Amino acid sequence: MFLPKLKALQMEQTVNFSSPLSWGISDPIKFSALMEEAKKLVAPGYYLGDNLFTWARNNSALEDEAFRDAWQTNIVNDADEAILWRRYILACAAYNCVQLPGDFVECGVYIGTGIKTVMDYLGGTGFPKPYWGYDTFDYNPVEGHAFAGQGEGFYELVQDRFVDYKQVRLIKGLIPDCFSDGIPEQIAFLHIDLNNADGEIAALEHLFHRVVSGGVVVLDDYEWSGIYRHQKQVEDKWFEERNYRVIPYPTGQGMLIKR
Ligand SMILES: C[S@@+](CC[C@H](N)C(=O)[O-])C[C@H]1O[C@@H](n2cnc3c(N)ncnc32)[C@H](O)[C@@H]1O
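Residues numbered from 1 in each chain as written. Predicted model: local features only at pLDDT ≥ 70, side-chain atom pairs only at ≥ 80, totals over all residues. Heavy atoms only, no water.

Colleague: I tried to follow the sheet that holds strand β2 (residues 47-49) on my own but got confused; where do I start?
Modeller: Picture the strands of a sheet paired through backbone hydrogen bonds; they go either parallel or antiparallel. Judged by pairing direction, the sheet is mixed, and its 3 strands sit side by side in the order β1-β2-β3 without closing on themselves. Looking at which strands have only one partner, the edges of the open sheet turn out to be β1 (17-18) and β3 (52-54). In this structure, β1 lies alongside β2, joined through 2 bridges in parallel fashion. From the neighbouring strand, F17 faces β2, where its bridge partner is Y47. Together, β1, β2 and β3 form the strand contacts of helix α1 (residues 28-41), whose direction differs from that of β3 by roughly 20°. (Pairing = 2+ DSSP bridges. Helix = DSSP H or I, 4+ residues; strand = E, 2+ residues; numbered from the N terminus. Contact = heavy atoms within 4.5 Å. Axes fitted to C-alpha atoms, helices over the stretch in contact; angles between N-to-C directions.)

Colleague: I keep staring at the site of the ligand and nothing clicks. Help me out?
Modeller: Taken together, 20 residues form the shell around the ligand, and within it R87, G108, D135, I175 and D193 come nearest. I175 places a main-chain nitrogen or oxygen 2.8 Å from a nitrogen atom of the ligand. Note that a nitrogen atom of the ligand is positioned 3.1 Å from one of the side-chain N or O atoms of N196. When isolated, the ligand has an accessible area of 610 Å², and the protein chains bury 94% of it. By residue class, the composition of the shell around the ligand is 8 nonpolar, 8 polar and 4 charged. (Near = heavy atom within 4 Å. Polar contact = N/O pair within 3.5 Å; in protein donor to acceptor, adjacent residues only side chain to side chain. Areas by Shrake-Rupley, 256 points an atom, 1.4 Å probe, with all protein chains shown as cover. Nonpolar A, V, L, I, M, F, W, Y, C, P; charged D, E, K, R; others polar.)

Spelled out as structure tokens, the structure:
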């Protein structure tokens, strides 16, 4: 099994990251000007983007060369660039899970960048497991939430992106109905990113009991507030009934490790 290696760290090295994209900003021009000033006031190792501004951080994602390549070569829009830290959390979780029994699953694939970044980090076309991706693809069932390109022919476009990745099984349809077209017996890694509570709870109902002990569940929207807060509300209840507590991340994600 291919596992990427980390290079020895240089103690003096500090890496900064800055992306212009964050969400929920009323005056982007003013915000950008203020953040340019703020960056000058903080210790090195800052990260700006995806609604985060941190400093004096290692920014490990950019020091892991194998990950940096996987992330950079798969960027297809501004969001893919901005969510660097989220992607690295996925990739590190996947690194641990690829060594467990069970397949990889993503609920909410969109154009496939999440899946492809993880696979390219962990062996590319040699990735050692089936990777199941569920999405409606050609439309977005969440009202007002369609992403660029979602329309007729989009499913085929995403399939083309994975033409050399024989492990990828893209299943088109509404969750949970599309699970009747196939779900893995055992799951090592489960990424749920549907932007709606009903779909995510349905995914958990059908898939969580199949996650192996030590397997990781990443909820992309869990710690986002505003329109996403309802997801946390129902997911907290669902997990509490099973004596689990989701770990909230400043990236907006939530994570848990299956017992
Ligand atoms: C934020 S995007 C996924 C992004 C992707 N995980 C990534 O990392 O690049 C959310 C996707 O969920 C899909 N979706 C939302 N609810 C769904 C449902 N009930 N069944 C199937 N797909 C759904 C949408 O069509 C959309 O493509």
